[in-house]
Amino acid sequence: MDFSPNSSFMYLISGAVILFVVAQSLFFLIRAVRRAKALHIDTGVIRRTISSSAIFTIAPALAILIGVISLSQFLGFPLPWLRLSVLGALTYELPAAQSAASAMGVTSTSTLVTDPVVFSAIAWVMTLGILSGILLVLFGLKKIEGGLQGMRSKDEKKSALLMDSLFLGMICAFTGLLFADIQKGLPGFIPIAVALVSMMLMALCGLLIRRFHVKWLEQYALPLCMLGGMIAAIPLTHLMGGTV
């Protein structure tokens with residue numbers, strides 16, 4: 001039987017799930033607006049909150065779109081569209097897909113997968129691998145929060161140190177990806193160069209906010225820096241001999 005990751009059935013399933021999530025988001029948005037009005041919050045404040053939140057999602061949405069395009073040449077469009085639109089990130093989805101494909105004997109991630117066994121194995125690995133975080137939050141969040149609150153009540157400094165350590169550990173894990181390809185020479189330093197551009201843009205935004213009191217920039221600094229990094233990646237890739 002012929003199999004295509006871009007079949008109408010795959011589009012139908014993915015579209016149905018995404019439509020459900022969008023409907024759920026609209027449901028809670030409407031309830032939140034009604035609740036805000038019941039609390040007599042000014043309509044202008046509500047509108048500004050919604051608009052700033054919507055604008056704040058532009059940069060992450062562009063990053064997700066790039067991720068979908070990157071994975072689509074390997075897994076078709078519907079599955080990456082579903083994974084990255086609802087739950088998942090390119091930093092997890094791509095390594096998971098590559099690991100599963102390698103285990104199934106597929107070495108190229110630039111060729112569309114047409115073997116249903118390989119495709120289903122990749123989809124299962126991508127799905128099951130990320131469930132641990134969901135299950136941990138579902139069944140362990142209350143206990144974790146209770147432990148953190150107990151630690152905070154006993155020693156606030158140690159509690160703050162623990163949270164900072166966890167955050168820095170997460171940052172270090174992602175920072176390691178920047179150095180993954182430095183053995184390839186100058187092109188391997190492209191991610192580092194892009195990260196430095198984003199850091200400089202964030203430092204500039206911080207200067208404008210603190211020194212020149214450009215308060216509106218507080219809501220848009222992160223998406224602007226992400227967009228700036230993505231835009232800078234294009235000329236940097238060409239200058240440093242990478243491939244787009």
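In this text the structure is predicted, and so the values were computed from the model without any measurement.

(A) Main features of the environment of V68. Position of V68 among the secondary structure elements: in helix α3 (residues 58-75). For V68, a relative accessible area of 4% gives the class buried. Remark: the alpha-carbon pair of V68 and I192, spanning 124 residues in sequence, is separated by 22 Å. If near-sequence neighbours (up to four positions away) are discounted, V68 is found in contact with F77, P80, W81 and L84.

(B) Representation of the packing of aromatic side chains. Under the criterion given, the structure shown has four aromatic pairs. Each ring, one from F3 and one from F119, has its centre 5.1 Å from the other, and the planes form 55 degrees; the classification is tilted. Residue F3 is located in the segment before α1 (8-38), and its partner F119 is located in helix α6 (residues 116-129); the two are separated by 116 residues in the primary sequence. Judged by its relative accessible area of 6%, F119 is buried. Three or more aromatic residues joined by ring pairs form one cluster here, namely Y11, F77 and W81.

(C) Fine view of a nonpolar patch on the surface. A grouping of F9, I13, V17, V86, L87, W124, L128, L131, I134, L135, L138 and F139 is seen on the molecular surface, where their side chains present a nonpolar patch of about 1,200 Å² in accessible area. Those elements giving two or more residues to the nonpolar patch turn out to be α1, α6 and α7 (131-154). No other element matches the five residues that α7 contributes to the nonpolar patch. Examined against the element boundaries, L131 turns out to sit in helix α7. Relative accessible area serves as the criterion here: at 31%, L131 is assigned to the partly exposed category.

(D) Region of the structure containing the pattern of salt bridges. Using the criterion set out here, one finds two salt bridges in the structure. With a shortest N-O distance of 3.0 Å, E93 and R83 are connected by a salt bridge. Taken as a pair, E93 in helix α5 (residues 90-103) and R83 in helix α4 (residues 78-86) lie far apart in primary sequence, 10 residues in all. The exposure class assigned to E93 is buried, which follows from its relative accessible area of 0%.

(E) Fine view of the environment of E218. Position of E218 relative to the elements: it lies in the loop between α9 (190-210) and α10 (221-239). The partly exposed category is assigned to E218, whose relative accessible area is 46%. Along the backbone, E218 and G206 are 12 residues apart, and their C-alpha atoms lie at a distance of 8.3 Å.

(F) Broad picture of α5. If you check α5, its first and last C-alpha atoms are 20 Å apart, about what 14 residues at 1.5 Å a residue would give, namely 20 Å. Of the residues flanking the end of α5, it is G105, one or two places downstream, whose phi is positive at about 90 degrees.

Reading the values: rules and limits
- Residues numbered from 1 in each chain as written.
- Predicted model: local features only at pLDDT ≥ 70, side-chain atom pairs only at ≥ 80, totals over all residues.
- Heavy atoms only, no water.
- Helix = DSSP H or I, 4+ residues; strand = E, 2+ residues; numbered from the N terminus.
- Buried < 20%, exposed > 50% of the residue type's maximum accessible area, 1.4 Å probe, protein only.
- Contact = heavy atoms within 4.5 Å.
- Phe/Tyr/Trp six-rings, centres within 6.5 Å; stacked < 30°, edge-to-face > 60°.
- Patch = residues over 30% accessible without salt bridge, like charges linked within 9 Å, V, L, I, M, F, W, Y side chains within 5 Å.
- Areas by Shrake-Rupley, 256 points an atom, 1.4 Å probe, with all protein chains shown as cover.
- Salt bridge = Lys/Arg side-chain N within 4 Å of Asp/Glu carboxyl O.
- Expected span 1.5 Å × (residues − 1).

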